[in-house]
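# Results of the structural survey
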Amino acid sequence: MALCEKPVGAHAHADPMCPREYNTQVGTARNLERRIEHLVDGLAGVMFGGTLQPSELGIRLLREADLGIEQSPSGPAVPNSYVFTLHTDQHIPEPFSQRLEHLLEETAKERGWRLNGPAGVTIEYSAKPARTEIACRAERVSGPRLAWGRLVPQSGAPYPLLYNRVLVGRSEECDVSIAIAEISRVHALVWREGGRIWVNDLDSANGTFVDGAPVTKPVPIDDGAVVSFGPVTLDLRTG
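So, here's what we can say about the structure. (Residues numbered from 1 in each chain as written. Predicted model: local features only at pLDDT ≥ 70, side-chain atom pairs only at ≥ 80, totals over all residues. Heavy atoms only, no water.)

### Here's the deal with the environment of Leu189
On the secondary structure map, Leu189 appears in strand β10 (residues 188-193). Along the backbone, Leu189 and Asp175 are 14 residues apart, and their C-alpha atoms lie at a distance of 9.7 Å. (Helix = DSSP H or I, 4+ residues; strand = E, 2+ residues; numbered from the N terminus.)

Structure, rendered in C-alpha coordinates:
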(Lines give C-alpha, C1' and ligand atoms only; values in the text may rest on other atoms or scores of the structure.)
Protein backbone atom coordinates (compact mmCIF):
# COMPACT_ATOMS: atom_id res chain seq x y z
CA MET A 1 0.00 0.00 0.00
CA ALA A 2 3.04 2.32 -0.26
CA LEU A 3 1.67 4.05 -3.37
CA CYS A 4 -1.91 4.40 -2.23
CA GLU A 5 -3.55 5.73 0.89
CA LYS A 6 -6.49 3.32 0.92
CA PRO A 7 -8.02 0.31 -0.81
CA VAL A 8 -11.19 0.65 -2.85
CA GLY A 9 -14.21 1.13 -0.60
CA ALA A 10 -12.31 2.35 2.45
CA HIS A 11 -14.25 4.26 5.09
CA ALA A 12 -15.04 7.93 4.62
CA HIS A 13 -12.42 8.85 7.22
CA ALA A 14 -9.72 7.47 4.91
CA ASP A 15 -7.81 9.58 2.42
CA PRO A 16 -9.22 10.47 -1.05
CA MET A 17 -9.03 8.15 -4.03
CA CYS A 18 -5.62 7.66 -5.57
CA PRO A 19 -4.60 6.46 -9.09
CA ARG A 20 -3.65 2.98 -7.90
CA GLU A 21 -7.34 2.30 -7.25
CA TYR A 22 -7.83 1.89 -10.99
CA ASN A 23 -5.65 -1.23 -10.96
CA THR A 24 -7.50 -2.50 -7.90
CA GLN A 25 -10.84 -2.04 -9.63
CA VAL A 26 -9.62 -3.81 -12.77
CA GLY A 27 -8.40 -6.72 -10.66
CA THR A 28 -11.74 -6.85 -8.87
CA ALA A 29 -13.61 -6.92 -12.20
CA ARG A 30 -11.45 -9.80 -13.41
CA ASN A 31 -12.01 -11.69 -10.17
CA LEU A 32 -15.75 -11.16 -10.67
CA GLU A 33 -15.57 -12.59 -14.20
CA ARG A 34 -13.69 -15.64 -12.94
CA ARG A 35 -16.19 -16.08 -10.12
CA ILE A 36 -19.15 -16.12 -12.52
CA GLU A 37 -17.27 -18.46 -14.89
CA HIS A 38 -16.70 -20.82 -11.96
CA LEU A 39 -20.38 -20.64 -11.16
CA VAL A 40 -21.22 -21.75 -14.70
CA ASP A 41 -18.49 -24.39 -14.87
CA GLY A 42 -19.80 -25.91 -11.67
CA LEU A 43 -23.11 -26.60 -13.39
CA ALA A 44 -21.68 -28.71 -16.19
CA GLY A 45 -24.17 -31.43 -16.99
CA VAL A 46 -27.02 -29.66 -15.19
CA MET A 47 -29.76 -28.71 -17.60
CA PHE A 48 -31.57 -25.39 -17.35
CA GLY A 49 -35.05 -25.45 -18.79
CA GLY A 50 -36.03 -22.51 -21.01
CA THR A 51 -33.64 -19.99 -22.53
CA LEU A 52 -31.86 -18.45 -19.55
CA GLN A 53 -28.17 -19.15 -18.93
CA PRO A 54 -26.64 -19.55 -15.46
CA SER A 55 -24.37 -16.54 -15.97
CA GLU A 56 -27.38 -14.28 -16.59
CA LEU A 57 -28.66 -14.84 -13.07
CA GLY A 58 -25.21 -14.32 -11.57
CA ILE A 59 -24.70 -11.07 -13.46
CA ARG A 60 -28.17 -9.81 -12.56
CA LEU A 61 -27.62 -10.64 -8.88
CA LEU A 62 -24.42 -8.65 -8.67
CA ARG A 63 -25.87 -5.78 -10.69
CA GLU A 64 -28.78 -5.52 -8.25
CA ALA A 65 -26.33 -5.61 -5.34
CA ASP A 66 -24.25 -2.85 -6.91
CA LEU A 67 -27.34 -0.71 -7.54
CA GLY A 68 -28.41 -1.27 -3.94
CA ILE A 69 -25.25 0.08 -2.30
CA GLU A 70 -25.93 2.41 0.60
CA GLN A 71 -23.44 4.10 2.88
CA SER A 72 -23.79 2.68 6.38
CA PRO A 73 -21.80 4.00 9.37
CA SER A 74 -19.16 1.37 8.55
CA GLY A 75 -19.10 1.99 4.79
CA PRO A 76 -20.82 0.50 1.71
CA ALA A 77 -23.61 -1.97 2.50
CA VAL A 78 -25.76 -3.95 0.04
CA PRO A 79 -29.02 -5.90 0.33
CA ASN A 80 -28.51 -9.49 1.42
CA SER A 81 -31.84 -11.03 0.32
CA TYR A 82 -32.85 -11.42 -3.34
CA VAL A 83 -35.98 -12.90 -4.88
CA PHE A 84 -35.87 -13.73 -8.60
CA THR A 85 -39.15 -14.18 -10.49
CA LEU A 86 -38.89 -16.09 -13.76
CA HIS A 87 -41.42 -17.25 -16.31
CA THR A 88 -42.95 -20.63 -15.56
CA ASP A 89 -41.33 -22.06 -18.70
CA GLN A 90 -37.93 -21.62 -17.10
CA HIS A 91 -36.53 -24.26 -14.80
CA ILE A 92 -33.59 -23.57 -12.50
CA PRO A 93 -32.27 -26.46 -10.37
CA GLU A 94 -32.79 -25.78 -6.66
CA PRO A 95 -29.11 -26.01 -5.64
CA PHE A 96 -28.39 -23.07 -7.94
CA SER A 97 -29.80 -20.69 -5.34
CA GLN A 98 -27.05 -21.78 -2.96
CA ARG A 99 -24.44 -21.09 -5.63
CA LEU A 100 -25.80 -17.59 -6.08
CA GLU A 101 -25.67 -17.02 -2.32
CA HIS A 102 -22.04 -18.11 -2.32
CA LEU A 103 -21.36 -15.77 -5.25
CA LEU A 104 -22.83 -12.84 -3.31
CA GLU A 105 -20.87 -13.63 -0.14
CA GLU A 106 -17.59 -13.96 -2.03
CA THR A 107 -18.17 -10.78 -4.02
CA ALA A 108 -19.07 -8.85 -0.87
CA LYS A 109 -15.81 -10.01 0.69
CA GLU A 110 -13.85 -9.05 -2.41
CA ARG A 111 -15.42 -5.61 -2.81
CA GLY A 112 -15.67 -4.70 0.84
CA TRP A 113 -19.48 -4.69 0.96
CA ARG A 114 -21.30 -5.15 4.23
CA LEU A 115 -24.17 -7.65 4.45
CA ASN A 116 -26.30 -7.16 7.56
CA GLY A 117 -27.62 -10.72 7.39
CA PRO A 118 -26.85 -13.99 5.64
CA ALA A 119 -26.98 -14.02 1.85
CA GLY A 120 -30.33 -15.38 0.68
CA VAL A 121 -31.52 -16.08 -2.87
CA THR A 122 -35.00 -17.39 -3.70
CA ILE A 123 -36.23 -18.28 -7.20
CA GLU A 124 -39.96 -18.04 -7.90
CA TYR A 125 -41.99 -18.65 -11.04
CA SER A 126 -44.88 -16.76 -12.57
CA ALA A 127 -46.67 -16.42 -15.91
CA LYS A 128 -46.35 -12.61 -15.71
CA PRO A 129 -42.72 -12.06 -16.75
CA ALA A 130 -41.68 -12.54 -20.38
CA ARG A 131 -39.85 -15.82 -21.03
CA THR A 132 -36.50 -14.06 -21.19
CA GLU A 133 -37.21 -11.59 -18.38
CA ILE A 134 -35.60 -11.74 -14.94
CA ALA A 135 -37.49 -9.82 -12.28
CA CYS A 136 -35.59 -9.26 -9.03
CA ARG A 137 -36.52 -7.85 -5.65
CA ALA A 138 -33.70 -6.95 -3.27
CA GLU A 139 -34.16 -6.46 0.46
CA ARG A 140 -32.17 -5.94 3.62
CA VAL A 141 -33.08 -8.69 6.05
CA SER A 142 -31.32 -8.85 9.42
CA GLY A 143 -30.26 -12.27 10.59
CA PRO A 144 -27.43 -14.24 12.18
CA ARG A 145 -24.09 -14.45 10.41
CA LEU A 146 -21.18 -16.78 10.98
CA ALA A 147 -18.04 -15.11 12.30
CA TRP A 148 -15.15 -14.94 9.83
CA GLY A 149 -12.70 -14.00 12.57
CA ARG A 150 -12.38 -12.75 16.12
CA LEU A 151 -10.47 -10.25 18.21
CA VAL A 152 -9.06 -12.09 21.20
CA PRO A 153 -8.21 -10.19 24.43
CA GLN A 154 -5.57 -11.31 26.89
CA SER A 155 -8.40 -12.39 29.17
CA GLY A 156 -12.12 -12.71 28.70
CA ALA A 157 -14.32 -13.74 25.81
CA PRO A 158 -13.25 -12.98 22.23
CA TYR A 159 -15.12 -10.47 20.10
CA PRO A 160 -16.55 -12.16 16.97
CA LEU A 161 -16.20 -10.44 13.59
CA LEU A 162 -19.57 -11.10 11.96
CA TYR A 163 -19.67 -8.59 9.13
CA ASN A 164 -17.31 -7.76 6.28
CA ARG A 165 -17.09 -4.27 7.77
CA VAL A 166 -16.86 -4.06 11.56
CA LEU A 167 -16.93 -0.87 13.63
CA VAL A 168 -14.96 -0.98 16.87
CA GLY A 169 -15.65 1.52 19.64
CA ARG A 170 -17.09 2.30 23.04
CA SER A 171 -20.62 2.88 21.70
CA GLU A 172 -23.09 0.05 22.17
CA GLU A 173 -24.05 0.56 18.52
CA CYS A 174 -20.60 -0.57 17.35
CA ASP A 175 -20.23 -4.15 16.13
CA VAL A 176 -17.39 -4.66 18.62
CA SER A 177 -18.31 -2.62 21.70
CA ILE A 178 -15.54 -2.17 24.28
CA ALA A 179 -16.84 -0.29 27.33
CA ILE A 180 -13.62 1.44 28.36
CA ALA A 181 -13.30 5.22 28.70
CA GLU A 182 -10.03 5.36 26.72
CA ILE A 183 -11.79 3.88 23.67
CA SER A 184 -13.52 6.45 21.46
CA ARG A 185 -17.22 6.01 20.80
CA VAL A 186 -16.40 5.07 17.20
CA HIS A 187 -12.72 4.17 17.31
CA ALA A 188 -11.70 2.08 14.29
CA LEU A 189 -12.88 0.04 11.33
CA VAL A 190 -11.86 -3.55 10.52
CA TRP A 191 -12.92 -4.95 7.16
CA ARG A 192 -12.26 -7.46 4.38
CA GLU A 193 -11.60 -6.30 0.83
CA GLY A 194 -9.53 -7.42 -2.13
CA GLY A 195 -8.45 -10.65 -0.47
CA ARG A 196 -7.01 -8.89 2.58
CA ILE A 197 -8.10 -7.78 6.05
CA TRP A 198 -7.72 -4.08 6.77
CA VAL A 199 -7.84 -1.78 9.78
CA ASN A 200 -8.11 1.99 9.90
CA ASP A 201 -8.28 4.43 12.77
CA LEU A 202 -11.33 6.72 12.71
CA ASP A 203 -9.81 9.82 14.29
CA SER A 204 -9.84 8.23 17.73
CA ALA A 205 -8.47 10.07 20.77
CA ASN A 206 -5.93 7.40 21.75
CA GLY A 207 -5.08 5.86 18.41
CA THR A 208 -5.02 2.42 16.81
CA PHE A 209 -1.85 0.32 16.51
CA VAL A 210 -0.83 -2.83 14.63
CA ASP A 211 2.09 -4.73 16.16
CA GLY A 212 2.99 -1.52 17.97
CA ALA A 213 2.99 0.74 14.90
CA PRO A 214 0.44 3.58 14.78
CA VAL A 215 -2.27 3.34 12.13
CA THR A 216 -2.51 6.59 10.15
CA LYS A 217 -4.10 5.14 7.00
CA PRO A 218 -5.72 1.80 6.03
CA VAL A 219 -3.28 -0.98 6.89
CA PRO A 220 -3.51 -4.65 5.82
CA ILE A 221 -3.27 -7.08 8.71
CA ASP A 222 -2.73 -10.82 8.85
CA ASP A 223 -3.91 -13.61 11.09
CA GLY A 224 -2.08 -13.35 14.40
CA ALA A 225 -1.49 -9.60 14.22
CA VAL A 226 -1.65 -7.69 17.50
CA VAL A 227 -4.12 -4.82 17.19
CA SER A 228 -4.43 -2.16 19.89
CA PHE A 229 -7.32 0.24 20.22
CA GLY A 230 -5.96 2.79 22.68
CA PRO A 231 -4.83 0.74 25.70
CA VAL A 232 -6.80 -2.38 24.71
CA THR A 233 -4.66 -5.02 22.97
CA LEU A 234 -6.29 -7.83 20.99
CA ASP A 235 -5.03 -10.62 18.76
CA LEU A 236 -6.64 -11.03 15.33
CA ARG A 237 -7.60 -14.66 14.66
CA THR A 238 -9.21 -15.94 11.49
CA GLY A 239 -8.77 -19.69 11.92
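### Here's the deal with helix α2 (residues 54-67)
Between its terminal C-alpha atoms α2 stretches 20 Å, which fits the 20 Å expected from 14 residues at 1.5 Å a residue. Along α2, the residues classified as buried are Pro54, Leu57, Gly58, Arg60, Leu61, Leu62, Glu64 and Ala65. (Expected span 1.5 Å × (residues − 1). Buried < 20%, exposed > 50% of the residue type's maximum accessible area, 1.4 Å probe, protein only.)

### A look at the side chain of Glu193
Along the chain, the position of Glu193 falls in strand β10. For the buried Glu193, no salt bridge exists, and the shortest N-O distance to an oppositely charged side chain is 4.2 Å, to Arg165. A distance of 2.9 Å separates the side chain of Glu193 from the side chain of Trp191, its partner in a polar contact. (Lys, Arg positive; Asp, Glu negative; His and termini not counted. Salt bridge = Lys/Arg side-chain N within 4 Å of Asp/Glu carboxyl O. Polar contact = N/O pair within 3.5 Å; in protein donor to acceptor, adjacent residues only side chain to side chain.)

### Section: the sheet that holds strand β3 (residues 81-87)
In space, the three strands of this open sheet follow the order β4-β3-β5, with mixed pairing throughout. Both outer strands of the open sheet, β4 (120-126) and β5 (135-139), are each paired with one neighbouring strand and no more. Neighbouring strand axes in the sheet, compared pairwise and without regard to direction, differ in orientation by 20 degrees on average. As judged from the seven bridges shared by β3 and β4, these two strands associate in the parallel manner. When the bridges of β4 are listed, Thr85 appears paired with Glu124. Packing against the sheet, α2 makes contact with β3, β4 and β5, and its axis sits at approximately 135 degrees to β3. (Pairing = 2+ DSSP bridges. Axes fitted to C-alpha atoms, helices over the stretch in contact; angles between N-to-C directions. Contact = heavy atoms within 4.5 Å.)

### Notes on the environment of Glu70
When you line up the elements, Glu70 lands in strand β1 (residues 70-72). Assessed through its relative accessible area of 47%, Glu70 is described here as partly exposed. Sequence separation between Glu70 and Arg114 is 44 residues, and the spatial gap between their C-alpha atoms is 9.6 Å. Here Glu70 is in contact with Gly75, Pro76, Ala77 and Arg140, once residues within four sequence places are set aside.

### Observations regarding the sheet that holds strand β14 (residues 219-221)
Strand order in this open sheet of five strands is β9-β8-β10-β11-β14, and the pairing throughout is mixed. This sheet does not close on itself; its edge strands, each paired only once, are β9 (176-177) and β14. Pairing geometry for strand β8 (residues 165-169) and β9, over two bridges, is parallel. Directly across from Val168, in β9, lies its bridge partner Val176.

### A few points about the packing of aromatic side chains
Counted by the stated rule, this structure contains one aromatic pair. Ring centres 6.4 Å apart and planes at 20 degrees place the aromatic pair Trp191 and Trp198 in the stacked group. Judged by its relative accessible area of 0%, Trp191 falls in the buried class. Across from the ring centre of Tyr163, 3.9 Å away, lies the NZ or CZ of Arg114, which sits over that ring. (Phe/Tyr/Trp six-rings, centres within 6.5 Å; stacked < 30°, edge-to-face > 60°. Lys NZ or Arg CZ within 6 Å of the ring centre and 35° of its normal.)

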